[in-house]
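Each chain, written out:
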2 protein chains.
Amino acid sequence: MSKLAVVAFGGNALLRAGQKGTIEEQEQNAYEASKNLINLIDRNFNLVLTHGNGPQVGNILLANSAGHEKYGIPDMPLDVSVAYSQGFIGYILEQQLRNVLVAEDLDRDIISIITQVLVNKDDDAFKNPTKPIGPYFTREAAERISKTSNVIFKEDPAGRGWRKVVASPTPLVIFNRRSIEKIAREGHIVIAVGGGGIPCYYVAENKLQGIDAVIDKDVASALLASQIRADKLFILTDVPKVCLNFNTPQEKTIDRMSISEAKKYLEEGQFAEGSMAPKIRAAIHFIERSGKDTIITDTKLLGVDNGGTRITIV
Amino acid sequence: MSKLAVVAFGGNALLRAGQKGTIEEQEQNAYEASKNLINLIDRNFNLVLTHGNGPQVGNILLANSAGHEKYGIPDMPLDVSVAYSQGFIGYILEQQLRNVLVAEDLDRDIISIITQVLVNKDDDAFKNPTKPIGPYFTREAAERISKTSNVIFKEDPAGRGWRKVVASPTPLVIFNRRSIEKIAREGHIVIAVGGGGIPCYYVAENKLQGIDAVIDKDVASALLASQIRADKLFILTDVPKVCLNFNTPQEKTIDRMSISEAKKYLEEGQFAEGSMAPKIRAAIHFIERSGKDTIITDTKLLGVDNGGTRITIV
């Protein structure tokens, strides 16, 4: 019987650092990323793919703001920009994965699903927004905008200017999770919760509505994996294995660790916030709910023997 | 046993003439459009929804072009803009339809699928592009762009300037049609082929790629309806019934017509190109392949007894 895996691609899998983000670059990157999935298909995994959208949604926000200024087009809220990016990345990933499957003589449908994710508007994250998004502003411009709106700005630590920050609330429910599971278990490949999903909340029992926030893509992927009872979660990044003492002379790669070891390292501050730490937390979330393993690795090592760091329940 | 209906919303169902296109307007319109689907659910129809994207993709193209100019963001081709619009409209329609279903105590998944549609790059439509899209340019700017690209411009008949025109090729295959049919027949609501679908063609056997074109949304909906063996096609527009001698003192509404009558009226020029004529052709396409009926009507009359014009095989 086939097993079910959730594979979480980073936003950088499609738009790499240093690239401009042309469509040709992103198509090529999607093709390369898709090729690595064949290892998992050969090992009899059914697949649900998720992906980040950081670089893409940054460009969408800039374009919306420029279109608003130049042509007076109504500005779209962040949830709509996430929806744009799901349409775009889902399309490119599906198309290039089709090209890979045809070359391998595999016939599967690839279903890119626009995904809303429920959050709680009373989540503490809304009291202290931390996730920077969109264009950089001067201090003066940021102060001007803050005064006439409820937008919060923070200064970029690298000195590039001031950026809007939004909350990154905990995802609670993945909409359509039953259908996502069913379609994937029937052997088709599903692409879902792009960019962590479109954050929504209930204003009233029959009034679901988007909210200005960004859900961590790995946390949403882990929630999805547990809600669809996946057998394995792959979290892809740009290092082959998780490291202790990362970027120091004492750097040491981890082949395997239990969730209690992972929690201890987290407490020790071994993993950087905004980078490896949320991936480790996502892995723990999934493993605690499922008892199954999570692999953190580079896209190129997906499904390769002993590729990556395996995190296990004990 | 449930029947299967394809319901094609116009792009104007979400962004009405005279509106600016704010998110609040589009949410409200999507809610109103969704309410009318309850009539069909009550009559035991499973549903696949399709939608236009004209006004939305126009705004997306403008924003992309402004973002390119102001921030140097790589310009995205038309197929990517269609993908953005599928993400956006799929999201809003799904969200508002959920709100309607909750109010009616109905529990169904609503699956918005990013949809590619296969076209032939040798389609005659590419020799004579006719479909205007995107921003208006001055004659000088249009000539300048034409000289350094293969973009074709035509003058707007209403004198608003010069606009890029693209081909509107015949759709051949709806990708994922088997899954679309299966999900809908299991009782979930599918949203697909938004904006007529993302037009793609095979550069080589294992190289599927987007192409600069726009597929007529009603023609794509009719193809989808026949490929998923739908029992009925609803094409929604802004008049309650199809008319003969439209907008003349002899205007007469049609309650019912056969496809041979419809063809005769088409030949007589009774139906305006770019407006009612493609809807009638789409209806004929579906009826000839399925033997089933098509209803053309206003969104407000969806599923209402004797609402709209019924087109039948004989």
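Given the structure is predicted, the values throughout are model-derived calculations rather than measurements.

Visitor: How do you make sense of the overall build of chain A when you look at a structure like this?
Guide: Of the regular secondary structure elements, chain A holds nine helices and 17 strands. The globule rule puts the C-alpha radius of gyration for 314 residues at 20 Å, and the 19 Å found for chain A is close to it. The dimensions of chain A, computed from C-alpha atoms along their principal axes, are 55 × 45 × 45 Å. Burial status across chain A gives 59% buried among its 314 residues. Excluding contacts between residues fewer than 6 apart, the proportion of contacts in chain A whose partners are at least 24 apart in sequence is 73%.

Visitor: For this particular structure, what's the right way to read the packing of helix α3 (residues 54–71) of chain A against helix α3 (residues 54–71) of chain B?
Guide: Angle between the axes and distance between the axes are the two parameters that describe a pair of packed helices. As a packed pair, α3 of chain A and α3 of chain B sit with axes 7 Å apart at the nearest point and diverge in direction by 95°. On the basis of their axis angle, the class for α3 of chain A and α3 of chain B is roughly perpendicular. Where α3 of chain A abuts α3 of chain B, its residues Leu62, Ala63, Asn64, Ser65, Ala66, Gly67, Glu69, Lys70 and Tyr71 of chain A lie against Leu62, Ala63, Asn64, Ser65, Ala66, Gly67, Glu69, Lys70 and Tyr71 of chain B. Taken together, the residues of the contact of α3 of chain A with α3 of chain B sort by class into eight nonpolar, six polar and four charged.

Visitor: Please clarify how the nonpolar core should be interpreted in this entry.
Guide: Most often, soluble globular proteins keep nonpolar side chains buried together rather than apart. Formed by 94 residues in total, the largest nonpolar core has its most connected members in Phe271 and Ile280 of chain A together with Phe271 and Ile280 of chain B. Grouped together as the second largest cluster of nonpolar side chains are 86 residues, Leu14, Ile110 and Phe234 of chain A together with Leu47 of chain B included.

Visitor: I keep staring at the interface of chain B and chain A and nothing clicks. Help me out?
Guide: How large an interface is tends to be reported as the accessible area lost when its parts come together. Listed per partner, the contact involves 59 residues of chain B and 59 residues of chain A. Taking both sides of the interface into account, the surface hidden between chain B and chain A amounts to around 5100 Å²; carbon and sulfur atoms contribute 57%. When the buried area of chain B at its contact with chain A is split by residue, Tyr84, Tyr91 and Ile114 of chain B rank highest and sum to 12% of it. One can count eight salt bridges joining chain B with chain A. Here Lys70 of chain B ties to Glu69 of chain A by a salt bridge, and the two come within 2.7 Å at their closest N and O atoms. Taken together, the connections running from chain B to chain A amount to 24 residue pairs in polar contact (both at pLDDT 80 or more). Of all the secondary structure elements, the ones that give two or more residues to the side of chain B that touches chain A are α1 (23–35), α3, α4 (78–103), β3 (110–112), α6 (177–185), β10 (198–204) and β11 (207–210) of chain B.

Visitor: What exactly am I supposed to notice about the sheet that holds β10 of chain B here?
Guide: Strand-to-strand pairing in sheets goes through backbone hydrogen bonds, with the strands running parallel or antiparallel. Residues and elements named next belong to chain B. Spatial ordering of the open sheet is given by β8-β4-β10-β11, a layout of four strands whose pairing is mixed. Taken across any chain shown, the strands that pair with only one partner, and hence form the sheet edges, are β8 (173–174) and β11. Examined bridge by bridge, strand β4 (residues 116–118) and β10 share three bridges and lie parallel to one another. Pairing of Val117 across the sheet is with Pro199, part of β10. Across the sheet, α4 is in contact with β10 and β11; its angle to β10 comes to roughly 140°.

Visitor: It is not clear to me how unusual backbone geometry should be interpreted in this structure. Could you clarify?
Guide: Residues other than glycine predominantly adopt negative phi, and peptide bonds predominantly adopt the trans conformation. Here Asn245 of chain A, not a glycine, exhibits a phi torsion of approximately 50°, which is positive. Topologically, Asn245 of chain A is positioned in the loop between β13 (243–244) and β14 (252–253). Located in the positive-phi region is Asn44 of chain B, a residue other than glycine, with phi close to 70°. Mapped onto the fold, Asn44 of chain B is located in the loop between α2 (38–42) and β2 (45–51). Among the residues examined, Asn44 of chain B registers a relative accessible area of 39% and is labelled partly exposed.

Visitor: Would you mind going over the pattern of salt bridges with me for this structure?
Guide: Pairing of side chains with opposite charge becomes possible as their charged atoms draw close. All names here are of chain A. Counted by the stated rule, this structure contains 46 salt bridges over all chains. We note a salt bridge from Asp124 to Lys127, for which the minimum N-O separation is 2.9 Å. Given a relative accessible area of 54%, Asp124 falls into the exposed group. The exposure class of Lys127 is exposed, given its relative accessible area of 66%.

Visitor: In this structure, what is going on with the relation of the copies chain B and chain A? I would like to understand it.
Guide: One copy of the chain maps onto the second through a rotation about an axis and a displacement along it. Note on the identical chains: chain B maps onto chain A by a rotation of 180° and an axial translation of 0.0 Å, with an RMSD of 0.0 Å. On the angle and the small slide along the axis, the relation comes out as a two-fold axis. The overlap is high: 100% of the interface residues of chain B also sit at the interface in chain A, so the same surface is used on both sides.

Visitor: How do you make sense of the side chain of Gln95 of chain A when you look at a structure like this?
Guide: In this fold, Gln95 of chain A is placed in helix α4 (residues 78–103). Within the structure, the side chain of Gln95 of chain A is placed 3.3 Å from the side chain of Gln96 of chain A, a separation counted as a polar contact. When sequence neighbours within four positions are dropped, the list of residues in contact with Gln95 of chain A reads Glu27 of chain A together with Gln116, Cys200, Leu208, Gln209 and Gly210 of chain B.

Visitor: What is the right way to look at the environment of Asn53 of chain B in this model?
Guide: Residues and elements named next belong to chain B. Inspection of the secondary structure assignment puts Asn53 in the loop between β2 and α3. With relative accessibility at 8%, the residue Asn53 sits in the buried group. When the C-alpha positions of Asn53 and Phe175 are compared, they lie 19 Å apart, and in sequence the two are 122 residues distant. With residues near it in sequence (within four places) discarded, Asn53 still touches Gly11, Val82, Ser85, Ile89 and Gly195.

Visitor: I'm lost on the sheet that holds strand β6 (residues 152–155) of chain A in this one. Help?
Guide: All names here are of chain A. Within the open sheet, the three strands sit side by side as β5-β7-β6. Their pairing is antiparallel. Only two strands of the sheet have a single neighbouring strand rather than two, namely β5 (131–137) and β6. In this sheet, neighbouring strand axes are inclined to one another by 40° on average, regardless of whether the strands run parallel or antiparallel. With five bridges joining them, β5 and strand β7 (residues 162–166) adopt antiparallel strand pairing. Among the inter-strand pairings, Phe137 is bridged to a residue of β7, identified as Trp162. Running at roughly 115° to β5, helix α5 (residues 139–147) makes contact with β5, β6 and β7 of the sheet.

Visitor: For this particular structure, what's the right way to read the packing of helix α8 (residues 259–267) of chain B against helix α9 (residues 276–290) of chain B?
Guide: All names here are of chain B. Relative orientation of the contacting elements α8 and α9 amounts to 150°, with a least axis distance of 10 Å. One finds that α8 runs roughly antiparallel with respect to α9. Between α8 and α9 lies a crossing of left-handed hand. The residues of α9 that touch α8, namely those facing Ile259, Ala262, Lys263 and Leu266, are Ala277, Ile280, Arg281, Ile284, Ile287 and Glu288. Of the residues in the contact of α8 with α9, the class split is seven nonpolar, no polar and three charged.

Visitor: So what exactly am I meant to see when it comes to the environment of Leu244 of chain A here?
Guide: Residue and element names in this part refer to chain A. Its location among the elements puts Leu244 in strand β13. On the accessibility criterion, Leu244 (10% relative accessible area) is buried. Each C-alpha atom, one on Leu244 and one on Phe271, is 7.8 Å from the other, the two residues being 27 residues apart in sequence. Look past the residues within four positions of Leu244 in its chain and what remains in contact with it is Gln250, Glu251, Lys252, Ile254, Tyr265, Gln270 and Phe271.

What counts and how
- Residues numbered from 1 in each chain as written.
- Chains lettered and ligands numbered in written order.
- Predicted model: local features only at pLDDT ≥ 70, side-chain atom pairs only at ≥ 80, totals over all residues.
- Heavy atoms only, no water.
- Helix = DSSP H or I, 4+ residues; strand = E, 2+ residues; numbered from the N terminus.
- Rg over C-alpha atoms; globule rule 2.2 N^0.38 Å.
- Buried < 20%, exposed > 50% of the residue type's maximum accessible area, 1.4 Å probe, protein only.
- Contact = heavy atoms within 4.5 Å.
- Axes fitted to C-alpha atoms, helices over the stretch in contact; angles between N-to-C directions.
- Parallel < 35°, antiparallel > 145°, perpendicular 65-115°, else oblique.
- Nonpolar A, V, L, I, M, F, W, Y, C, P; charged D, E, K, R; others polar.
- Core = buried A, V, L, I, M, F, W, Y, C linked by side-chain atoms within 4.5 Å.
- Buried area = accessible area lost by both parts, 1.4 Å probe.
- Salt bridge = Lys/Arg side-chain N within 4 Å of Asp/Glu carboxyl O.
- Polar contact = N/O pair within 3.5 Å; in protein donor to acceptor, adjacent residues only side chain to side chain.
- Pairing = 2+ DSSP bridges.
- Least-squares fit on C-alpha atoms with pLDDT ≥ 70 in both.
- Left-handed = near helix turned anticlockwise from the far one by under 90°.

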